[in-house]
Amino acid sequence: MGPVAAAAARPQYGGVLRVELRATSANLNPVKWKAGSADFASNERLAELLFDRLLTLDNHGRFQPQLATEWSHDAAAKRWQFTLRSGVKFSDGTALTAGDVVAALQTLLPRGMQVTATGGGIAIQSATPAGDLLELLASGPYFIYRDNGSGLPRGTGPFVLESVSASAREPEKTGAEGTASQTQRLRFRFNDNCWNGRPYLDAIEVTMGVPPLKALLDLQLGKADLGELSVDTAKRAQQTSLKCWTSAPLTLFALKFSGDGKPEQEQRLREAISLSVDREAMARVLLQKQAQAAGSFLPQWLSGYAFLFDAERNLERAKELRGKVPPSIAGAALPLRVTVDVNNELSKLIAERVAVDARAAGLTLQTVRAGARTASDITASKSEGEAQLVALRYTSLSARDVLESLASGARRQAEAGVPVEADARYAWEKRMMEGRTLLPLVAVPDFAAVDGRVRNWSPSPWGEWRLADVWLEQGDPSNGSRDAASKPLLGAKP
Amino acid sequence: MSFRTKLFLLFLATVLASVSAVTYSVTHYTRAAYEETDAQRTAALVAQFQKELAHERESVARQVDNVTNADVTLKMAIDQTKPDPDQSLYVRDASGAAQEHGLDFMEFVIADGTLISSAEYPARVGYKETWVTSVKDWNGSEAFLRRVELPNEVAVSLTAVRTQPNVARPFYTIGGRRLNENFLASLVAPAGLRALLYLNLDSGSGFVPEDVMSSTGKVEQAERFAPMVAQLQKQPGPLIQTIQWTNDAASAETFHALPLMGRNGELLGALLVGSSRADLVHLTRHVMKLAAAVAAAAMLIGLFLTWWVSARITRPIEELAEGAREVAAGHWHTRIDLDGQDETGQLAAAFNHMTQTLSAQRERLVQTERVAAWRELARRLAHELRNPLFPLQITVENMQRARQLGPEQFLEVFNESTATLKAELANLNSIVNRFSDFSKMPPPEFSRVEINEVIRGAVRLFEPQFHEVGKPTITTEYFLKEGLPEIDGDPELLHKAFQNLVLNALDAMPAGGTLTFRTTETQSGVRVEVSDTGKGLTPEECSRLFTPYYTTKQQGTGLGLAIVQSVISDHRGTISVASEEGHGTTFRMELPRRQPGVAAKKAQAAVAERPPAQTKAETAAAND
Amino acid sequence: MARPASLPKDVLRCRFTPVNKKLVRRLPLVVLACAVVFLLFNLVMDLRVAAKPDALEDGVERLAKKAAALPHERRMTLLWTNHSTLSEQRVERLRIAFAAQMETAQVRFVQGETAPPLRVAIEQTPTQIVFTAVVPGEGSTSVAIEEVARAVAGIDVSFGSSVRLERELLWQQETKILSASLWAGSAAGEKRLAVLAEEALQIHSGGPGNWKLEYTKVLPGPRQPQRSARGQLMVAEDSNGRVGILLPGRRCEASVADESAITCANATPEWPSGRLMALPSCGAQTWWLKSEGVDWATEDRLLLRSAGAGKDAAAVAELSVRGPVISISAADRADSATVVVRDLRSGNYEVYRVALACGD
């Protein structure tokens, strides 16, 4: 989706953007984010408001400088040098130093990478060639912040967190079963000290824990400006006058097996399950063409070679394999229990579809609801069943980084790390697929809808929302009085 | 058993029989009435269920009609008739339609059977529902029970199917409501009745206790329904069974099972109407308790009445019995003092009169018998004495005549006459001794005796006679039971008695014969039988046999059998005779084992081994 | 800022960033600095573009080397698919480079025969252009993958070769026009316009706004039913003054140089669906001009697609018209077409000359 603004319209300062997100709470400390988790996305989107990265990637594949203005590397791509932008200040007015960058990045960088301050910049030394370091730093949790140790880290981004409030919300009928939850509300106001200039918006109010259906209703009723939607609500939103955005497939739904599947019969069973699933129908029919069949871990948009993996259903072969599995293996005679996150309706739907498809091959799968903790957390300590339907988020632009986090979550340690080169990475991914600890099913994009008065919103296909460049068309009394040429009314000292 | 006891038992039996009969009748009719009422209530509840089910069918059909006729559904149906329709557009619509119309299940199926939207199982979208395409037009059809597959379970639904009428190619709307405990909650069951549902959801797996549901939730001990359900599965049809939940009979419950069939006659579940039998059991128990109480009370009353009545009746009878025993013991002047004009008073008066009469008659009889006995004795004496006296007289006369003879002739006659005189005097002496002996037969001296030995000893004496040359042979046969218990007896007296019997038998068999001795054990003692094969006795002879001095022989005192009878009588035994004229006579004696007040003492080893010197009695007996 | 001679391979970037309030106050200096930086930036970009025109070609050559080294069939066809945003020309150049490199490795591709295909796909990720070759071997397939950073790939040198459509109204009338065609007249600057109506063919000469009716030739045979009237003018460049007319069940010919009658013969004509156009200045490529094909009560669009692309390929240019497109015929040049549209607002039939134009 391209820029929303009409070419001739000039940006207006002022206004409060009201955003509604599905995640129930926000964590604004990147160190505490878990790679691959569903909350990562919302945390990242909020962190973008407060923090900057060294660089970003635009929609045309070009790295744009942020806090780093220049970068270079040696021939082996093991040592990278970044020149820091001068004159950058944190929201409290203190200057950004190389030490801050080092302190922030060292806690985030993968093992084998060391960051040091060099005059006017930083250097990152990697034990192995890091040809994708720019992709790594331009995505994921690699924000530059200063942790004072007294709560919220400070950032250099366009907004400052002004307040966090919580209020009780009535339990929703879908999602958490009857449990009362707190609604978290965050308010971000513009940062006057931002090196990139103050944003057009006066503030952004974010309401957490809003179910997609409610977000859609709020958008239609004018109570929200930007709302995060789901597969079915996105379809509905497309039939309204709202502007809808669909990202590239960012969440992989996969079947994760407990146990390493070493016995041959288990391997056969898993292969049979994989062959019995009609991923195309799942994506096309069940998910109403909003998803993509996933035959590999990395999506096509991230690896470029996902089409090489066969995702076709082969029911005959599946039945043949099933015939060779002894009844003692769960899934053959006794049902194979698949744990599903009780809070995620989509997971449940996909798991049920897998069960239906598997039944056509003579395999018995039974969905079991897990507790309130997210089943998408691939580092969960214990599964309740023999398999788990997990939702894995692609949280990096580096294909290698994504594969490594998937591998660690599937408890398969990379023999010598995931290679950077595409050939070798493809072979590595193919081997990991053959291990069948993780069976990819479908990849689902993010969905959002915006009100017509939201302008200049150009999110990236990989899910960055980039709210800093957004402006609101004024004139809505419900949003306070606004004058197109007036200065912001709600400016407050940091 | 005493009369009191008999009366008490009779009264008791009467009371128990009456109480039992009444109790049985009451419980029987109570049970019948209860069963009838129970059947009516059950039928009413079943009818209520049927009615609710019919109502629910109509409601479901109506809602499905509404969904089918909705604009949204029509649009969906029209879209699906176009070439390459986008089936993914409507994946979520069934869920909304179900919620809007208060249904639990909703599915949309296109002409080829492909499911394009499902409220209850969205994951099955794209798969085929071939059963629905078997009927082209479902409109107007009734709702029916159907097994519905859900992701983690199988449910039973009241389902209606409708075909969208406005499109060329069939478009099916399938809607339904789940049949579960909520439906049961809509039934109002009278007290003591409950309705359960068993949803036989997977007939291949047999009985599943969790499939039994009630309006209040889980059913305890559901596994007890297994046999009933198994029978239903084998042969679907109304069924009645009683289940007792605990050891207490009051916990029993009678279940009427009504099978719930699907459209194709498959068994999908059963309605179980349970009727508690607690009331009946309690009532029955109550009646039984009451009956038991009544019986116990009646027993007590009966006991009292019996004691009182029997006291009034049995006391006089006991007095009468006591009086009779006194009379039997020889106290002929016993009188019973009983007042009253009733039967017992009359009986006492009659008894007293009887004893008085008997006493007078006895005295007269005694007098008469004494006179008769004196006459008999005089006659016998005269007869006995005459015999020796006549020869005495002849001899003396001979001696008087012989005085005229010469000395030598007189001496010969004198010697012969004196010998005769001496013999006859000895005979007279013997007769006198015998009478004397009889008059003063000593009382028995009891000791433990072996009766077989006594018999053998008594008979041994006569052995030489049995085989004397020139005389008829007497054959003796012994049937003496070995191991007979010793009895209290006087061995000498018994010996004498048996000798007398042998003598009597010898006298009865002048031409020889067989003398048989038989001993057996009786309950109270021993029985001895002495049989001969003589000429037998007439009835008159039988009756007077034991009368002293009665004899059928030309000679003899007639005391032998009297002595026998006296000895037997002293031993508190009995003697009887059986005889048939021309065939022989059998004397049967029964002797008790014990005599009162006798210390156990074994008799002398062998009366038979006594030295040959006979006692006086034996001598007297030998001479008879 | 100048670029050192011994620059490492990767790109140095410098970008002008918006300034804060202090900068605003120092506006003139800021403007001067920005101008300098901007000029330098362009220079760098040009250099970069000029210095790295073949990064992608390097990539496909490397891919070719890898593919040639894998077990492969002796005879293969080449299936080349592009799913990236690279232009068709560039993709074509890459294909040629790949084939050439394969040839140096003694691998030749055959055309039009039944041979297993070597499939090369060009994909695009946020940061990379990914080339994937699936090589058929004996009983199996092997895969070679090569990536080129999008940033290194640079701007397409034929950046200015984007094509667009332009239109010029030639003629309009109230009565129905079945087809029209424009061609160059005998005199310089003079055009001839043939307008086929339901009953007759009219030949005009002159130019837009200045047409003079030369001839009217009645169509022989029975009149077509009004509702289904259809006709198509076929004019070839070397037709010697003759135009072809396609009618339902007939093929006719007419001379535009004289008043001779139209002659017809029974035939089953194949109705053309569009016009093939080319504009050399826009690249060695041909395009098809077709209408979107809506009903006669809806506004239509003219769509220009690459001649080699399938019917589902995206249009490289489009032009909205105010009603249904009645016909598309040849025009005076290879880069133009004569399009008849019925304007739904006025009800008039309009004849346009639609031409390719190069650049923005």
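Residues numbered from 1 in each chain as written. Chains lettered and ligands numbered in written order. Predicted model: local features only at pLDDT ≥ 70, side-chain atom pairs only at ≥ 80, totals over all residues. Heavy atoms only, no water.

Glancing now at the overall build of chain B. Secondary structure assignment for chain B yields 14 helices and 18 strands. Sorting the 624 residues of chain B into buried and exposed places 43% on the buried side. Surface accessibility of chain B: about 33,300 Å² in total, with carbon and sulfur atoms responsible for 55%. (Helix = DSSP H or I, 4+ residues; strand = E, 2+ residues; numbered from the N terminus. Buried < 20%, exposed > 50% of the residue type's maximum accessible area, 1.4 Å probe, protein only. Areas by Shrake-Rupley, 256 points an atom, 1.4 Å probe, with all protein chains shown as cover.)

Next up on the list: the sheet that holds strand β20 (residues 349-358) of chain C. Residue and element names in this part refer to chain C. What the four strands build is an open sheet, ordered β5-β20-β19-β18; its pairing is antiparallel. Each edge of the open sheet is held by one strand with a lone partner, namely β5 (163-173) and β18 (325-330). Mean inter-strand twist for the sheet, computed between neighbouring axes without regard to direction, equals 25°. The pairing of strand β19 (residues 336-342) with β20 spans seven bridges and is antiparallel. (Pairing = 2+ DSSP bridges. Axes fitted to C-alpha atoms, helices over the stretch in contact; angles between N-to-C directions.)

All names here are of chain C. Taken in spatial order, the four strands of this open sheet run β14-β15-β16-β17, and their pairing is antiparallel. This sheet does not close on itself; its edge strands, each paired only once, are β14 (275-278) and β17 (317-320). Along the sheet, successive strands turn relative to each other by an average axial angle of 25°, direction set aside. Of the pairings in the sheet, the one linking strand β16 (residues 301-306) to β17 comprises four bridges and is antiparallel in character. Opposite L303, over in β17, you have E318 as the bridge partner.

On to helix α10 (residues 345-360) of chain A. Residues and elements named next belong to chain A. The terminal C-alpha atoms of α10, which comprises 16 residues, lie 23 Å apart, in line with the 22 Å expected from a rise of 1.5 Å per residue. The element α10 is largely enclosed, with a buried count of twelve among its 16 residues. Among all positions of α10, only L346, S347, L349, I350, A351, E352, R353, V354, A355, V356, D357 and A358 are buried. Looking at where α10 begins, the residue whose side-chain oxygen comes 3.1 Å from the main-chain nitrogen of L346 is N344. A positive phi of about 85° marks G362, the residue just after α10. (Expected span 1.5 Å × (residues − 1). Polar contact = N/O pair within 3.5 Å; in protein donor to acceptor, adjacent residues only side chain to side chain.)

Once that is clear, we can look at empty space enclosed by the protein. Residues and elements named next belong to chain A. Scanning all chains against the criterion turns up five cavities of 30 Å³ or more. One number sums up the size of the largest cavity: a volume of about 130 Å³. In terms of lining residues, the largest cavity is bounded by 16 residues, among which E44, Y394, W462, G463 and E464 are the most central. Among the elements that make up the lining of the largest cavity, the one with the highest residue count is helix α1 (residues 39-50) (five residues). Here the residues of the lining of the largest cavity are counted per class, giving six nonpolar, five polar and five charged. (1 Å grid on protein atoms, 1.4 Å probe; cavity = no way out; pocket = protein on both sides within 12 Å on 5 of 7 lines; lining within 4 Å. Points joined across faces, edges and corners; volume = space filled by probe spheres on them. Nonpolar A, V, L, I, M, F, W, Y, C, P; charged D, E, K, R; others polar.)

Side-chain pairing between opposite charges can occur once the charged atoms of the two side chains come close. Following the criterion strictly, the structure yields 68 salt bridges over all chains and no others. For the salt bridge of E529(B) with R588(B), the shortest nitrogen-to-oxygen distance reads 2.8 Å. With E529(B) in strand β16 (residues 525-532) and R588(B) in strand β18 (residues 584-592), this pair connects stretches of sequence that are 59 residues apart. Note that R93(C) and E57(C) form a salt bridge whose closest N and O atoms lie 3.9 Å from each other. Of this pair, R93(C) sits in helix α4 (residues 88-104) while E57(C) sits in helix α3 (residues 55-69), placing them 36 residues apart in sequence. Judged by relative accessible area, E57(C) falls into the partly exposed class, the value being 23%. Among the charged side chains, a network of salt bridges with common partners joins R18(A), D225(A), D451(A) and R453(A). (Salt bridge = Lys/Arg side-chain N within 4 Å of Asp/Glu carboxyl O.)

Time to look at helix α2 (residues 98-106) of chain A. Every buried residue of α2(A) is listed here: A98(A), D100(A), V101(A), V102(A), A104(A) and L105(A). At its buried positions, α2(A) is contacted by β5 (79-84), β6 (113-118), β7 (121-126), α3 (133-137) and β8 (145-146) of chain A. (Contact = heavy atoms within 4.5 Å.)

With that out of the way, let us pick up the packing of helix α11 (residues 399-409) of chain A against helix α12 (residues 422-435) of chain A. Residues and elements named next belong to chain A. The N-to-C vectors of α11 and α12 enclose an angle of 20°; their axes lie 11 Å apart at closest approach. Looking at the two axes, α11 sits roughly parallel to α12. Along this stretch, α11 crosses α12, giving a crossing that reads as left-handed. Contact residues: A399, R400, L403, L406 and A407 in α11; R425, W428, E429 and M432 in α12. (Parallel < 35°, antiparallel > 145°, perpendicular 65-115°, else oblique. Left-handed = near helix turned anticlockwise from the far one by under 90°.)

Okay, the interface of chain C and chain A next. Every contact between the two is made by 27 residues of chain C and, on the other side, 32 residues of chain A. Carbon and sulfur atoms make up 53% of the area that chain C and chain A hide from each other, which totals about 2,400 Å². Linking chain C with chain A are two salt bridges. E147(C) serves as the salt-bridge partner of R425(A), at 3.0 Å between the closest nitrogen and oxygen. Elements with a minimum of two residues in the side of chain C that touches chain A: β2 (117-124), β3 (128-136), β4 (141-149) and α5 (150-153) of chain C. (Buried area = accessible area lost by both parts, 1.4 Å probe.)

Residue and element names in this part refer to chain B. By the secondary structure assignment, Y172 is in strand β5 (residues 172-178). Residue class for Y172 comes out buried when judged on its relative accessible area of 0%. Sequence-wise, Y172 and T133 are 39 residues apart; in three dimensions their C-alpha atoms are separated by 8.3 Å. Once residues lying within four places of it in the same chain are set aside, the contact partners of Y172 are E107, F108, V109, I110, A111, V132, T133, V135, K136, W138, R162 and T163.

All names here are of chain C. Direction of pairing for strand β11 (residues 242-247) relative to strand β12 (residues 250-255): antiparallel, over a ladder of six bridges. In the strand pairing of β12, L247 is matched with R250. Between β11 and the antiparallel strand that follows it, β12, lie two residues; G249 among them carries a positive phi value of about 80°. Bridge count for β12 against strand β13 (residues 263-266) is four bridges, and the pairing is antiparallel. If you follow R251 over to β13, its bridge partner there is A265.

Taken residue by residue, the interface counts 17 residues in chain A and 16 residues in chain B. Among the residues chain A hides against chain B, the three largest losses belong to V285(A), Q288(A) and V356(A). Together they make up 29% of the total. If you look at where chain A meets chain B, you find three salt bridges. Summed over the shared surface of chain A and chain B, the number is nine residue pairs in polar contact (both at pLDDT 80 or more). Mapped by element, the contributors of at least two residues to the side of chain A that touches chain B are α5 (231-238), α7 (279-286), α10 and β17 (365-369) of chain A.

Residue and element names in this part refer to chain C. One pass over the structure, following the stated rule, counts one disulfide over all chains. Disulfide partner of C252: C264, at an S-S distance of 1.9 Å. For the disulfide bridge between C252 and C264, the dihedral angle about the S-S bond is near 105°, and by the sign convention the bridge is right-handed. One end of the pair, C252, is in strand β12; the other, C264, is in strand β13, with twelve residues separating them in the sequence. (Disulfide = S-S within 2.5 Å.)

Our focus in this paragraph is unusual backbone geometry. Phi is positive for A77(A), which is not a glycine, with a value near 60°. Secondary-structure assignment places A77(A) in the loop between β4 (68-73) and β5. Judged by its relative accessible area of 9%, A77(A) falls in the buried class. With phi around 60°, R572(B) is a residue other than glycine that occupies positive phi space.

Residue and element names in this part refer to chain B. When pLDDT is averaged across chain B, the result is 84; 93% of the residues are at 70 or more. Put simply, helix α14 (residues 616-623) is where chain B has its lowest mean pLDDT, 50, and strand β1 (residues 105-109) is where it has its highest, 96. Our summary of model confidence lists the complex with pTM equal to 0.63 and ipTM equal to 0.82. (pLDDT = per-residue confidence, 0-100.)

Once that is clear, we can look at the nonpolar core. All names here are of chain A. Residues L54, F82, L105 and I122 are the most contacted members of the largest nonpolar core, which totals 99 residues. Sequence-distant contacts of L54, defined by excluding residues within four places in its chain, comprise P65, Q66, L67, A68, F82, L84, V101, L105, I122, L137 and I144. Within the second largest apolar cluster, 58 residues are counted, among which are L269, A330, V444 and F447. (Core = buried A, V, L, I, M, F, W, Y, C linked by side-chain atoms within 4.5 Å.)

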